[in-house]
Amino acid sequence: MRKGRKKAVLVLIFAAVLLLGGCGTNKDGVLTITNVSYDPTREFYEAYNPLFEEYYERNFGEKVDVIQSHGGSGVQARSVVEGCNADVVTLALEHDISLIERTQLIDPGWQQEFAEDSAPYTSTIVFLVRKGNPKEIHDWPDLVKKGVDVITPDPKSSGGACWNFLAALSYAREQFQDSEKELEFMKQLYENVSVMDSGARGSTTTFVENGKGDVLIAWENEAITTMKSYPDKYELISPSVSILAQPSVAVVDDNVRANGTENVSREYLQYLYSDEAQRLVADYGYRPSSQEILKSYEDRFDLTMKLYSIKDYGGWDKAYETYFDDGAIFDEIYNY
């Protein structure tokens with residue numbers, strides 16, 4: 001496991017260097033904005049950006065070009081803090097955006113700037129297994145069995161990995177209601193983790209393209225995307241208990257004021273709530289914030305799972321302090 005994490009750190013550093021070298025705001029004759037996002041949104045924003053660009057030119061008379069950047073959510077947040085000239089961020093965790101806010105690049109109160117606490121779509125955490133489910137994985141207890149090889153990214157760099165950890169812990173809370181037993185369950189789970197990549201997409205690559213592992217703990221949307229690409233090779237398993245994963249979006253206020261892109265950046269995020277964009281959200285495996293549109297896609301999403309929320313863990317600041325900061329519970333588990 002340590003070998004896999006060392007590799008992930010090197011990938012993380014390399015990705016950060018690329019990000020810092022590639023961020024920009026202007027192209028001749030075209031209004032340009034940069035969306036710094038996390039790994040599994042790549043395909044969605046590749047589809048959304050042309051939709052928005054056409055909408056903006058039609059309604060505001062200006063051509064716009066959206067540059068997108070992807071990586072582990074924590075890495076992406078740090079890249080903005082360190083100088084990546086993002087106009088908007090669309091990250092896996094509210095906590096990652098709050099880190100940028102603390103540098104005064106984002107104004108306080110950004111959570112209330114857009115509907116649903118600035119979360120235009122949600123997801124949850126599921127399992128991706130190989131066709132036929134040879135290890136008979138159906139729920140969280142199956143992931144702690146001997147001989148089951150689990151793939152999940154590193155919570156130190158990946159927002160999706162934090163959601164994965166809390167989804168597993170939600171099951172342990174539901175099952176044991178005893179902190180010592182919950183901690184033991186989490187230790188057993190991470191004993192079975194063989195590779196920790198720096199981001200969710202890296203873990204998908206490890207599982208799908210490199211053929212490692214028996215089960216991938218994944219964003220629901222990432223699992224759906226993989227099954228579309230490989231319809232005869234994988235199965236999606238919905239556990240009995242998971243967590244409501246709420247990716248967050250925000251305008252990077254200090255940057256857009258300097259870039260002169262404030263209006264187009266706000267419109268870019270606001271348009272995510274339009275009916276057209278919400279249907280695209282569902283098409284790419286995310287759960288629309290519009291309950292009406294979500295209901296029309298209920299055959300795609302398992303709405304029977306019991307979903308905890310980040311509020312059950314005291315919010316992201318408390319969750320990080322308890323589980324993910326240096327020396328917190330995840331480090332205890334990893335360094336047992």
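Residues numbered from 1 in each chain as written. Predicted model: local features only at pLDDT ≥ 70, side-chain atom pairs only at ≥ 80, totals over all residues. Heavy atoms only, no water.

A. Summary view of empty space enclosed by the protein. Applying the stated criterion to the full structure yields two cavities of 30 Å³ or more. As a volume, the largest cavity reaches approximately 40 Å³. Every residue along the wall of the largest cavity is listed here: Pro153, Asn164, Ala200, Ser203, Thr204, Leu216, Ile217, Ala218, Trp219 and Glu222. If you list the elements that add at least two residues to the lining of the largest cavity, you get helix H8 (200–208) and strand S9 (215–219). When residues in the lining of the largest cavity are grouped by element, the largest group, four residues, is from S9. Looking at the lining of the largest cavity residue by residue, the classes come out as six nonpolar, three polar and one charged. Along the walls of the second largest cavity sit Tyr38, Asp39, Pro40, Gly71, Gly72, Ser73, Ser158, Gly159, Gly160, Gly199, Ala200 and Trp219, which together make up its complete lining. (1 Å grid on protein atoms, 1.4 Å probe; cavity = no way out; pocket = protein on both sides within 12 Å on 5 of 7 lines; lining within 4 Å. Points joined across faces, edges and corners; volume = space filled by probe spheres on them. Helix = DSSP H or I, 4+ residues; strand = E, 2+ residues; numbered from the N terminus. Nonpolar A, V, L, I, M, F, W, Y, C, P; charged D, E, K, R; others polar.)

B. How the structure looks around the pattern of salt bridges. One pass over the structure, following the stated rule, counts 15 salt bridges. Between Glu43 and Arg201 there is a salt bridge; the shortest N-O distance is 2.9 Å. One end of the pair, Glu43, is in helix H2 (residues 42–60); the other, Arg201, is in helix H8, with 158 residues separating them in the sequence. Glu43 gets classed as partly exposed once you look at its relative accessible area, which sits at 24%. Note that Glu113 and Arg266 form a salt bridge whose closest N and O atoms lie 1.8 Å from each other. Residue Glu113 is found in the loop between helix H4 (94–101) and helix H5 (115–118), and its partner Arg266 is found in helix H11 (residues 262–270); the two are separated by 153 residues along the sequence. On the basis of relative accessible area, Glu113 is assigned to the partly exposed category, the value being 31%. Among the residues examined, Arg266 registers a relative accessible area of 22% and is labelled partly exposed. (Salt bridge = Lys/Arg side-chain N within 4 Å of Asp/Glu carboxyl O. Buried < 20%, exposed > 50% of the residue type's maximum accessible area, 1.4 Å probe, protein only.)

C. A look at the pairing of strand S4 (residues 88–91). Judged by which residues are buried, S4 turns out to be covered on both faces: Val88 and Thr90 on one side and Val89 and Leu91 on the other are all buried. As judged from the three bridges shared by strand S2 (residues 30–37) and S4, these two strands associate in the parallel manner. Residue Asn35 lies in a different strand from S4, and its bridge partner there is Val88. As defined by bridge partners, S4 adjoins strand S12 (residues 248–251) across four bridges and the pair is classed as antiparallel. Considered in S12, the bridge of Leu91 is made with Ser248. (Pairing = 2+ DSSP bridges.)

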